[in-house]
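Notes for the structure review
Residue strings, one per chain:
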Amino acid sequence: MKQNQDRQADIRLGTHGENYGNWMSTPVFYMVGGLLALAVLLAALSFAVFRLAVTGILFAATAVLLLALLFWISWIRRQYAFGGGGVMERVHKKILSQLDYDGQGALLDVGCGSGALSIRAALAWPQARVVGVDYWAAVYHYNQVLCEKNAESEGVADRCRFQHGDARRLDFPDESFDAVVSNYVYHNITGADKRELLLETLRVLKKGGVFALNDEMKPRMYGDMEAFAQDLRDMGYREVRLIDTATEAFGCRRRAALLMLGESRMLVGRK
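Residues numbered from 1 in each chain as written. Predicted model: local features only at pLDDT ≥ 70, side-chain atom pairs only at ≥ 80, totals over all residues. Heavy atoms only, no water.

Topic: the overall build of the chain
When you go through the chain residue by residue, the secondary structure sums to eleven helices and seven strands. Expressed as lengths along the three principal axes of its C-alpha atoms, the size of the chain is roughly 70 × 45 × 35 Å. The proportion of buried residues among the 271 residues of the chain is 49%. For the chain, the accessible area works out to roughly 13,000 Å², and carbon and sulfur atoms hold 56% of it. (Helix = DSSP H or I, 4+ residues; strand = E, 2+ residues; numbered from the N terminus. Buried < 20%, exposed > 50% of the residue type's maximum accessible area, 1.4 Å probe, protein only. Areas by Shrake-Rupley, 256 points an atom, 1.4 Å probe, with all protein chains shown as cover.)

Given below as structure tokens:
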């Protein structure tokens with residue numbers, strides 16, 4: 001495990017102009033900025049045209065709150081950014097450093113986004129074949145072509161394959177991979193049972209394979225994860241544990257909460 005951690009520390013992504021995006025997506029800024037402009041306009045109309053002071057004050061107060069929100073999400077975006085606060089990269093390092101993997105065979109990244117975690121895995125384990133799957137919802141502007149360009153720029157295109165996929169029903173046979181990882185994916189899938197998503201990911205893991213699945217595991221979404229970890233042990237999974245990534249990757253729960261990921265936890269183990 002120590003050797004794995006040292007390996008992660010030596011890898012630096014994004015040094016050749018790659019585009020790994022940001023977890024605080026650009027459309028969020030468009031939405032908040034648009035609402036801010038509308039609130040300012042309605043406040044101005046209320047005061048200057050309709051002479052409705054109370055309504056004008058309400059819209060003005062709303063505009064102030066939206067402006068504060070805009071500053072907050074701008075700070076979050078800066079903290080997440082590669083070349084900025086580096087939180088995204090720090091979380092990726094934490095995930096892979098907890099993976100007790102010898103680098104042989106194939107690794108699956110469920111919800112690969114811009115390909116950053118997949119590519120880091122390929123760089124960390126030069127013998128591994130890495131597959132990244134994602135539904136690529138439009139909100140993040142990620143897609144297969146972007147992933148492939150990033151992999152090519154980082155020099156691992158020959159060992160990385162990216163394809164469209166649905167975490168609710170992975171298009172792979174049982175026991176296809178030697179390792180599986182995922183990062184902040186399942187909580188975005190509306191209407192899906194989060195534990196069923198975890199089990200579907202584990203379905204494609206070979207017997208003896210390892211997993212590290214990180215997410216915003218809010219109790220109202222996931223329920224009692226300690227009980228779920230015990231259920232996995234009872235099913236024959238080994239070395240199963242939960243890691244508080246809100247503390248270990250962000251420094252403390254308060255900072256993780258400020259970055260909107262205060263319930264971050266990682267499920268780690270071996271099948």
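Next comes the rest of the account.
Looking at the sheet that holds strand β1 (residues 106-110)
Whenever strands of a sheet pair, they do so through backbone hydrogen bonds, lying parallel or antiparallel. Taken in spatial order, the seven strands line up as β3-β2-β1-β4-β5-β7-β6 in an open sheet, and their pairing is mixed. If you trace the sheet from one side to the other, it starts and ends with β3 (160-164) and β6 (238-243), each paired once. Ignoring which end each strand starts from, the neighbouring axes of this sheet average 15 degrees apart. Sitting on the sheet, helix α4 (residues 87-97) is in contact with β4 (177-183), β5 (205-216) and β7 (264-270), with an inclination near 150 degrees to β4. (Pairing = 2+ DSSP bridges. Axes fitted to C-alpha atoms, helices over the stretch in contact; angles between N-to-C directions. Contact = heavy atoms within 4.5 Å.)

Some points on the packing of aromatic side chains
The way to describe two aromatic rings as a pair is by their centre distance and the angle between their planes. Inspection of every chain in the model, using the stated rule, returns seven aromatic pairs. An angle of 35 degrees between the planes, with centres 5.1 Å apart, marks the rings of Y20 and F82 as tilted. You can see Y20 sitting in the loop between α1 (2-9) and α2 (26-48) and its partner F82 sitting in the loop between α3 (53-80) and α4, a full 62 residues away along the chain. What makes Y20 buried here is its relative accessible area of 3%. Measuring from ring centre to ring centre gives 5.0 Å for Y101 and W125, while their planes differ by 70 degrees; the resulting arrangement is edge-to-face. Here Y101, found in the loop between α4 and β1, pairs with W125, found in the loop between α5 (116-124) and β2 (129-134); they are 24 residues apart in sequence, far enough to count as distant. The residues Y101 and W125 share a single accessibility class, namely buried. (Phe/Tyr/Trp six-rings, centres within 6.5 Å; stacked < 30°, edge-to-face > 60°.)

Side note on the pairing of β4
Along β4, six of the seven residues are buried, which leaves the element largely enclosed by surrounding structure. As defined by bridge partners, β1 adjoins β4 across four bridges and the pair is classed as parallel. Paired with V110 across the two strands is S182, which belongs to β4. Sheet topology places β4 next to β5; six bridges connect them, and they run parallel. Considered in β5, the bridge of V181 is made with A212. Handedness of the β-α-β unit built from β4, helix α7 (residues 194-203) and β5 comes out right-handed. (Right-handed = clockwise from strand over helix to strand, strands pointing away.)

Digging into a nonpolar patch on the surface
On the surface, M31, L35, L38 and L41 cluster together into a nonpolar patch covering about 380 Å² of accessible area. Structurally, L35 can be placed in helix α2. (Patch = residues over 30% accessible without salt bridge, like charges linked within 9 Å, V, L, I, M, F, W, Y side chains within 5 Å. Salt bridge = Lys/Arg side-chain N within 4 Å of Asp/Glu carboxyl O.)

Quick notes on the pattern of salt bridges
Applying the stated criterion across every chain yields a total of eleven salt bridges. For the salt bridge of D174 with R203, the shortest nitrogen-to-oxygen distance reads 2.7 Å. Note that D174 is positioned in the loop between β3 and β4 and R203 in helix α7, a separation of 29 residues in sequence. We classify D174 as exposed; its relative accessible area is 52%. Given a relative accessible area of 22%, R203 falls into the partly exposed group.

Considering the environment of D102
Along the polypeptide, D102 turns up in the loop between α4 and β1. According to the relative accessible area criterion, D102 is exposed, its value standing at 58%. Residues D102 and A128, 26 residues apart in the sequence, show an inter-C-alpha distance of 9.0 Å. Of the polar contacts made by the side chain of D102, one reaches the backbone nitrogen of Q104; its length is 3.0 Å. (Polar contact = N/O pair within 3.5 Å; in protein donor to acceptor, adjacent residues only side chain to side chain.)

Observations concerning the layout of surface pockets
By volume, the largest pocket amounts to about 1,000 Å³. Around the largest pocket, the lining comprises 42 residues; the ones closest to its centre are Y140, Y184, V185, H187 and N188. Breaking the lining of the largest pocket down by element, the ones donating at least two residues are α4, β1, α5 and β2. Partitioning the lining of the largest pocket into residue classes produces 25 nonpolar, eleven polar and six charged. (1 Å grid on protein atoms, 1.4 Å probe; cavity = no way out; pocket = protein on both sides within 12 Å on 5 of 7 lines; lining within 4 Å. Points joined across faces, edges and corners; volume = space filled by probe spheres on them. Nonpolar A, V, L, I, M, F, W, Y, C, P; charged D, E, K, R; others polar.)

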